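What follows is each chain in one-letter form.
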Amino acid sequence: MEASPQNNLLAQAPLPHTPKQKQAGGPPVVKNTPGSHNYTAHAKDKVPQRASVLNKFLQDDISDRAVLSLDDFATLILDLPPDWRIKEEFSLLPESEVVRETFEAYLTAAIGATEGEGKRKKKGKAAAVREKELYQPLANLLNSLRDGKGRHMKKDIDEKIFYVQDPRPLLGSLLERKPDLGAIYIQLLELTKNAKLSKYLGKNKIAGVFWGLLLFFVEVKHEKGRFIGLNITKEETGTPKDVSSGSFISKTSKHESTQASKTAPGSSQLNPSNSRSIKRPRPVEELGTDSSSYRVQSGPLPSIRHSGSASTPPASATTSFGDENRPRVTIHQSGGKEKLLEVGSSQEYALRAEEELKEERLLTPTQGQHRTRIQCASYAKEMLSNGFIRNHAIGILADDDGFRFHYYDRSKVVESEAFNILDDEWKKLFMAMVCQLNKLSSEKLGFIPNLHLDKYDHLRDPEQFSQQFANDPQGLVGAHYSFKGSDGVVHIVVIEQVLYRAEGIIGRCSVVVEVTCICQDSGCKWNGERKIMKISFPSKSRPSEEGLIYDARSKAESSGEHWALNHLPKVIDSITLPYHEKETVQGRLKTHLKDKYEERVMRVTILEKLHPLSELEDPREFAQVFYDVLQIHQWLYECVGILHRDLSSGNIMFRRKDDKIYGVLNDFDLSSRVADMDKGPTSNQRTGTRPFMSRDLLCPTWTGGHLYRHDLESLFYIMLCLACRYKKPGLPTAEPRAYSKWFSGTDEEVYDNKNSFYTDHNESLPIQPYFADYEQWLYLIFRYISAGYKARPPLASQPKMTGNMAAILLALKDPGMDSQHQNFDWNTLDGRVTYLTFRTIMSSFQDEPLETRWSGGNLYH
């Protein structure tokens, strides 16, 4: 056993405690950051994504959206000058021949009206118009809004082009998504400025575009404005019980629809005071009343063409705009195998699109608005998660003559008010906004600065674009990123490998890559070495990962407990980039929305390279790593006052020193100082990795915050999933794999499944033969956790007791509790789930003791 420093518990700082119980007979009530409900926490364990799960995450994001007046959206988000009306560069006159013709063509297709007449044609003809027939006229209209003559106002190198994407999905994600229109740099099509774009784009289908190339999206509806909240009659606001929409409709949807219908199209300039924030509704499953009238049955899920990650077509597969030479996609599978798939034909996608349109026609306007918001959010999620690294995305929603702009960043989903382009004032503002959108630089479109992309420098210089895709459809491998470090040196790193990329819109949304420094600066101490770079977007109020790790390492050195250094990550450098108030859209939104907008920063952290669990081969080494993590986790909590709060398979790593293996607890992004945990949340977003979260934190009625024992429960799930879901390290078991619902389900589904796991489990754990020696560990830990949950009082719904009534309940026996429940210790499930329990079980493996690094510790917490 390693020599351990002398531990005098009495001489140490006071042991941090989870906040005391504040509700008689119930768990502690705390206000720290709650457990995760966001897609960013959805662990990737090679489980196919489900549209229903994705929709749940997106619903959470859009439910807390803010709605801005059109003026506010234009100035705050698109950076349109307040005096744009008197600027010569925005003198887009409606009488311009090009603009007049494209407006007239679009309105004729959309509502059967010409610009001059403003009258609807016969209903028979209007009803016969199909949604897809609006795509090209709208693309032509958007492309005409440059200087009124079809030319861009800036140099050609920045010129953007709208094109029809539907019915082909964009490449680069497992769940196929196909926005109706997209916008890319015109150089990507290798067209000259003299080409007849309308004819070319109308004839050819764009097949080779992936999410990294998309600048913004356009979604089109043909519902007379009702799917964006315009032109809704009172009879149309009801919600049928059995309609396919693929998501849930909350009670607030009716109210929003009614409010939107009161906004008369054609009203005068919108006032900034109209800006408001939509409160996040509770999910349908949590409603206290009968929710059957608000539940919408799931429709067919979008097709999942493959279960691997899409990659680059080989050099021989050129980008094709027709079906005669289908693009091919290389799918990387487990075991290093590759499979070549063809992108489906436009006819195949058209048939699927037809089915989706049939579904949509059955929706009420209320349901249509909700489903359309989900649909648009899914495009934004793909742009932010599967494209180049971005901090926000922008889209346009068109519903015949009604329009709305959409914005998505790591803190908020923002919409403009719906408006009608038949109104002259709104039409002029719409034209100016589209022109401004075309003028925005790549940074103002959300692409992070200082990221120079291999063969994709069209984001800085579109003429350098090569149509042959390089490496992968995200384009990150081979990219160069530069930053000025804390040492004053400007470092340049090249991305060698993408290790992890979070899926989601709102949250930290970390991107973790392996990099090599190539800066060649004499002051650089790690030139040529491989390191780990993490780019994330944490809340400004959350303690930095660098600061927490620094505190832990300093404590280990000052207290003489140097053993702990072997089990902590090492930060090489970290820089924090705030969003400036006047220069960035995020800064302007914070100023405008105040407390309704969570201020975030972009943080770049360089860390020492560690090794993942998948590189271990000996079951005993796994055991030592898990035992090490148990000890360092307790030491951090007890001696440094840090609770990790996000134990997952990806956050447990190891390093080798002198032929010995040391488990390392990694990723402190979601960790908290225990002393601050009852002072309120450090972020509005939830924390944790869903498959490994404790049952409590998934429970909608849990009020006790994140307790120490919840991390112990997470450690159990990590070991359980390893032993039951893998034949051996890196080799998954055959489908259906054990506990797959923990990885693919919603919070409610995972909670129900884990609840049954403890209360109804009568079978042996499906441990694989390779991990058979873990059976004793897992069986004993399962027994203790299960017994603790069975013994505790129910989480009954009851009002919060305060003042004299709380004192009375504490003095008297709660008539609903027996004496055992009255004094139940929620922090340890009545002494069952403690460090002592886990340490006693895990200190030996295969009947031989493991290395105990630390002999101290409060064993009974």
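Going by what an unreviewed UniProt entry lists, the protein is known as Protein kinase and is assigned to Lentinula edodes.

Looking now at the packing of helix α13 (residues 619-640) against helix α15 (residues 708-725). For the pair α13 and α15, the least separation of the axes is 11 Å and the interaxial angle reads 170°. The orientation of α13 with respect to α15, classified from their angle, is roughly antiparallel. Here Phe622, Phe626, Leu630, His633, Gln634 and Tyr637 of α13 lie close against α15, whose contacting residues are Tyr708, Asp711, Leu712, Leu715, Ile718, Met719 and Leu722. Partitioned by chemical class, the residues of the contact of α13 with α15 number ten nonpolar, two polar and one charged.

Let's shift gears to the sheet that holds strand β18 (residues 571-578). The antiparallel open sheet is built from seven strands, whose spatial order is β13-β14-β15-β16-β17-β19-β18. Of all strands in the sheet, those bounded by a partner on one side alone are β13 (451-452) and β18. With five bridges connecting them, strand β17 (residues 530-536) and strand β19 (residues 601-607) associate as antiparallel partners. What sits directly across from Ile532, in β19, is Leu607. Contacting β17, β18 and β19, helix α11 (residues 545-558) runs over the sheet at an angle of about 145° to β18.

Quick look at α11 now. Taking 1.5 Å as the rise per residue, α11 with 14 residues should run 20 Å; its terminal C-alpha atoms sit 20 Å apart, in good agreement. Buried residues of α11: Glu545, Leu548, Ile549, Ala552, Arg553 and Ala556, and no others. Across the axial projection of α11, the buried residues extend over an arc of 125°, all falling on one side. Counted as exposed and oriented over 90 degrees from the buried face of α11: Tyr550 and Ser558. Looking at the buried residues of α11, the elements they touch are β17, β18, β19, α13, β21 (642-643) and β24 (672-673). One or two residues past the end of α11 sits Gly560, with phi positive at roughly 80°.

Let us now look at the sheet that holds strand β23 (residues 660-665). Sheet architecture is open: three strands sit in the order β20-β22-β23, paired in antiparallel fashion. The open sheet has two edge strands, β20 (611-612) and β23, and neither has a second partner. Where β20 and strand β22 (residues 652-657) come together, two bridges link them in antiparallel fashion. When the sheet's bridge partners are listed, His611 is paired in β22 with Phe654.

Time to look at the packing of helix α2 (residues 70-77) against helix α12 (residues 585-593). At a closest axis distance of 9 Å, the pairing of α2 and α12 adopts a crossing angle of 135°. By the angle class used here, α2 and α12 are oblique. Of α12, the residues touching α2 (which contributes Asp72, Thr75, Leu76 and Ile77) are Val585, Arg588, Leu589 and His592. When its residues are assigned to classes, the contact of α2 with α12 shows four nonpolar, two polar and two charged.

Our next topic: the pairing of strand β9 (residues 392-399). In terms of burial, β9 is a largely internal element, eight of the eight residues being buried. Neither face of β9 is exposed, since His392, Ile394, Ile396 and Ala398 on one face and Ala393, Gly395, Leu397 and Asp399 on the opposite face are all buried. With five bridges connecting them, strand β4 (residues 216-221) and β9 associate as parallel partners. Bridging from a neighbouring strand, Glu219 pairs with Leu397 of β9.

Two aromatic rings are characterised by how far apart their centres lie and by the angle between their planes. Under the definition given, this model contains 37 aromatic pairs. Measuring from ring centre to ring centre gives 5.3 Å for Phe217 and Tyr379, while their planes differ by 70°; the resulting arrangement is edge-to-face. Of this pair, Phe217 sits in strand β4 while Tyr379 is found in helix α9 (residues 365-385), placing the two residues 162 residues apart along the sequence. The burial state of Phe217 is the same as that of Tyr379; both residues are buried. On the numbers, 5.7 Å between centres and 45° between planes, the contact of Phe716 with Tyr717 is tilted. For Tyr717, a relative accessible area of 0% puts it in the buried group. By the ring-pair criterion, three or more aromatic residues cluster together here, those being Phe716, Tyr717, Tyr739, Trp742, Phe757, Tyr758, Phe782 and Tyr789. One Lys or Arg, Arg390, reaches over the ring of Phe447 and ends 4.1 Å from the middle of that ring. The side chain of Lys427 reaches across the aromatic face of Phe103, ending 4.3 Å from its centre.

Conventions we followed
- Residues numbered from 1 in each chain as written.
- Predicted model: local features only at pLDDT ≥ 70, side-chain atom pairs only at ≥ 80, totals over all residues.
- Heavy atoms only, no water.
- Axes fitted to C-alpha atoms, helices over the stretch in contact; angles between N-to-C directions.
- Helix = DSSP H or I, 4+ residues; strand = E, 2+ residues; numbered from the N terminus.
- Parallel < 35°, antiparallel > 145°, perpendicular 65-115°, else oblique.
- Contact = heavy atoms within 4.5 Å.
- Nonpolar A, V, L, I, M, F, W, Y, C, P; charged D, E, K, R; others polar.
- Pairing = 2+ DSSP bridges.
- Expected span 1.5 Å × (residues − 1).
- Buried < 20%, exposed > 50% of the residue type's maximum accessible area, 1.4 Å probe, protein only.
- Arc of directions from axis to C-beta.
- Phe/Tyr/Trp six-rings, centres within 6.5 Å; stacked < 30°, edge-to-face > 60°.
- Lys NZ or Arg CZ within 6 Å of the ring centre and 35° of its normal.

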